[in-house]
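So you can see what is in the structure, the chains are spelled out below.
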Amino acid sequence: MKNIIQNINKAFDHRIRLGIMSVLMVNESADFTSLKEILGVTDGNLASHAKALEVENYIVVEKQFIGRKPNTKYIATKAGKKAFQEHIEALEKLISGQ
């Protein structure tokens with residue numbers, strides 16, 4: 001087994017970031033409130049982990065107003081989807097012992 005953890009991406013090492021990317025891999029986008037409810041996290045936790053993914057250019061954040069209410073929407077980038085897929089594949093190899 002040659003460097004089995006080489007492709008495990010540190011950007012996805014926290015469960016909240018893993019959750020954000022998991023949701024965005026199967027949905028075109030997700031808004032702040034939906035992600036918060038799905039993941040069961042606080043506003044601050046979600047915001048800080050989303051920011052970490054945004055800094056890596058793994059997600060794009062779109063802010064707008066719907067009526068008078070602010071709305072924040074998250075979208076996985078092409079690079080983010082690729083990096084996350086590689087991370088999942090590395091985890092699967094680690095688990096299977098390949």
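The sections below set out a description of the structure shown in this document. Because the structure is a prediction, the values reported are computed rather than measured.

## Points about the sheet that holds strand β2 (residues 59-66)
Whenever strands of a sheet pair, they do so through backbone hydrogen bonds, lying parallel or antiparallel.
Part 1 of the argument: Pairing within the open sheet is antiparallel, and its 3 strands lie in the order β1-β3-β2. One side of each edge strand has no neighbouring strand; the edge strands of this open sheet are β1 (30-31) and β2.
Part 2 of the argument: Note: β2 against strand β3 (residues 69-76), 8 bridges, orientation antiparallel. Looking across to β3, one finds that Q64 is bridged to N71.
Part 3 of the argument: Packing of helix α1 (residues 15-26) onto the sheet brings it into contact with β1, β2 and β3, and relative to β3 it is tilted by some 80 degrees.

## Some remarks on α1
Part 1 of the argument: In this model, α1 (12 residues) spans 17 Å end to end at C-alpha, consistent with the 16 Å of a helix rising 1.5 Å per residue.
Part 2 of the argument: Regarding α1, the residues found buried are I16, R17, G19, I20, M21, V23 and L24.
Part 3 of the argument: Close packing links the buried residues of α1 with β1, α2 (32-39), α3 (43-55), β2, β3 and α4 (78-96).

The rules behind these values
- Residues numbered from 1 in each chain as written.
- Predicted model: local features only at pLDDT ≥ 70, side-chain atom pairs only at ≥ 80, totals over all residues.
- Heavy atoms only, no water.
- Pairing = 2+ DSSP bridges.
- Helix = DSSP H or I, 4+ residues; strand = E, 2+ residues; numbered from the N terminus.
- Contact = heavy atoms within 4.5 Å.
- Axes fitted to C-alpha atoms, helices over the stretch in contact; angles between N-to-C directions.
- Expected span 1.5 Å × (residues − 1).
- Buried < 20%, exposed > 50% of the residue type's maximum accessible area, 1.4 Å probe, protein only.

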